[in-house]
Amino acid sequence: METSTEGATRPDTGPAVPAEAVDKVVVAPPAAAPPASLSPSRASDFMQCPLLYRFRVIDRLPEKPSEAATRGTLVHAVLERLFDAPAGDRTVPRAKSLIPGQWDRLRESRPEVAELFADDPEGERLARWLTEAEALVERWFTLEDPSRLEPAERELFVEAELESGLRLRGIIDRVDVAPTGEVRIVDYKTGKAPRPEYAEGALFQMKFYALVVWRLKRVIPRRLQLVYLGSGDVLTYDPVLADLERVERKLLALWEAIRRATESGDWRPRPTKLCGWCDHQAYCPEFGGTPPPYPLPVRAPESGGTEQGRMGPD
């Protein structure tokens, strides 16, 4: 699972505020800034819908937590922490026992997730939700044997700058390194595996990571592995140099399209079936909404530009 690392800014340190005026202070949101880097999730956002990318990266509109996404975050945390235990203790009961503590930590770090069960005073929905998380964790043991794995890295933040100046960044769930030095990149998915015709889209994120690792270490990962806990499938792909060069060209073209949209303020919606799950329908022209005022300076769009959001993942 990839967690976006874009858009974070250092708090501004302004003049000291008198104690008696603290109650009157209004903390302004961070000033909008042009995008400075690209992650797999934000690249996918732009390819899906340029306006969605704008809402998330430039406007930074808030989004409500969802049960599915939060469950995914919880399961990822459990699978990461399980490797703290000795190999022989990495069992199903131990993994399940980690769920309550990781749920508590998640609520502490992200208080907004508590809203998911605010209308569940008896805790029945929460209990079912936690049981579903347990089932996903248990299914993982049918796909991989953690007692035989010693990850080199877990939840690894990676960042590389291409010759063009484009910065690529993301978080890799797990990196395995064989005694022979071969690298395997692993990503957990709590949903179901895609149909074969959509497999390339699913592998886009993994090829993105492989490109970053190659640019950082000059090593092409031997294998990319997607572990789908929702359906019990494992999708693997062995990349070659041509794959990574092709992904790099795609990302450079994508970044150029993002640059043009940033400068012109022209962020077009792209209606798809995924619109039904979007939190920003109230601001989307496709649903009769009006986007917030564009917070960045604009210039006249260049002639002959390509249509936004139509590039495929590979």
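Note that the coordinates shown come from a computational prediction; the quantities given were computed from them, not determined experimentally.

Novice: How should I be thinking about the side chain of R169 in this particular structure?
Specialist: Locating R169 in the fold gives a position in strand 2 (residues 167-177). A distance of 3.1 Å separates a polar atom in the side chain of R169 from a polar atom in the side chain of E159.

Novice: In this structure, what is going on with the confidence of the model for the protein chain? I would like to understand it.
Specialist: Scored by pLDDT, the protein chain comes out at a mean of 89, with 86% of its residues at no less than 70. Of the regions scoring below 50 in pLDDT, residues 3-28 engages in 17 contacts with residues more than four places distant in sequence or in other chains.

Novice: Help me understand the pattern of salt bridges, please; the structure alone is not making it clear to me.
Specialist: When the charged atoms of two side chains lie near each other, side chains of opposite charge can form a pair. In total, this model carries 32 salt bridges according to the counting rule given. One salt bridge connects R125 with E67, and the closest N-O pair in it is separated by 2.4 Å. In this pair, R125 sits in helix 5 (residues 124-143) while E67 sits in helix 3 (residues 67-82), placing the two residues 58 residues apart along the sequence. Take R125: its relative accessible area is 23%, and that puts it in the partly exposed class. Through salt bridges that share partners, E256, R259, R260, E263 and R299 make up one connected network.

Novice: Would you take a moment to explain the packing of helix 3 against helix 4 (residues 92-109) for this structure?
Specialist: Their axes nearest at 9 Å, the elements helix 3 and helix 4 cross at an angle of 125°. Judged by the angle between their axes, helix 3 and helix 4 are oblique. Helix-helix and strand crossings are classified by hand; for helix 3 and helix 4 the assignment is right-handed. When helix 3 is examined against helix 4, the residues T70, T73, L74, A77, V78, R81 and L82 are found in contact with a partner set consisting of R94, A95, L98, I99, Q102, W103 and L106. For the contact of helix 3 with helix 4, the per-class residue count stands at 9 nonpolar, 3 polar and 2 charged.

Novice: Before we go on, may I ask you to explain the pairing of strand 2 in this structure?
Specialist: As a general feature of sheets, a regular strand has side chains that alternate between the two faces. Strand 2 sits mainly inside the fold: 9 of its 11 residues count as buried. In this structure, strand 1 (residues 153-161) lies alongside strand 2, joined through 8 bridges in antiparallel fashion. If you follow A160 over to strand 2, its bridge partner there is L168. Taking the residues between adjacent antiparallel strands as the criterion, strand 1 and strand 2 are bridged by 5 residues, where G165 takes a positive phi near 100°. Strand direction decides the pairing type here: strand 2 and strand 3 (residues 183-189), joined by 4 bridges, are antiparallel. Note on strand 3: the bridge partner recorded for V175 is I185. Hairpin connection of strand 2 to strand 3: 5 residues between the antiparallel strands, including G181 at a positive phi of 95°.

Novice: Would you mind going over the pairing of strand 4 (residues 223-228) with me for this structure?
Specialist: For strand 4, the tally of buried residues reaches 5 of 6 residues, placing the bulk of the element in the interior. Relative to strand 5 (residues 233-237), strand 4 runs antiparallel, the two being bridged by 5 bridges. In the strand pairing of strand 5, Q225 is matched with T236. Count of turn residues in the strand 4/strand 5 antiparallel hairpin: 4 residues, of which G232 carries a positive phi of about 75°.

Novice: What is the right way to read the environment of K207 from this model?
Specialist: Tracing the backbone through its elements, the reader meets K207 in helix 6 (residues 199-217). Spatially, the C-alpha atoms of K207 and D238 are 9.7 Å apart, while their sequence positions differ by 31 residues.

Criteria and cut-off values
- Residues numbered from 1 in each chain as written.
- Predicted model: local features only at pLDDT ≥ 70, side-chain atom pairs only at ≥ 80, totals over all residues.
- Heavy atoms only, no water.
- Helix = DSSP H or I, 4+ residues; strand = E, 2+ residues; numbered from the N terminus.
- Polar contact = N/O pair within 3.5 Å; in protein donor to acceptor, adjacent residues only side chain to side chain.
- pLDDT = per-residue confidence, 0-100.
- Contact = heavy atoms within 4.5 Å.
- Salt bridge = Lys/Arg side-chain N within 4 Å of Asp/Glu carboxyl O.
- Buried < 20%, exposed > 50% of the residue type's maximum accessible area, 1.4 Å probe, protein only.
- Axes fitted to C-alpha atoms, helices over the stretch in contact; angles between N-to-C directions.
- Parallel < 35°, antiparallel > 145°, perpendicular 65-115°, else oblique.
- Left-handed = near helix turned anticlockwise from the far one by under 90°.
- Nonpolar A, V, L, I, M, F, W, Y, C, P; charged D, E, K, R; others polar.
- Pairing = 2+ DSSP bridges.

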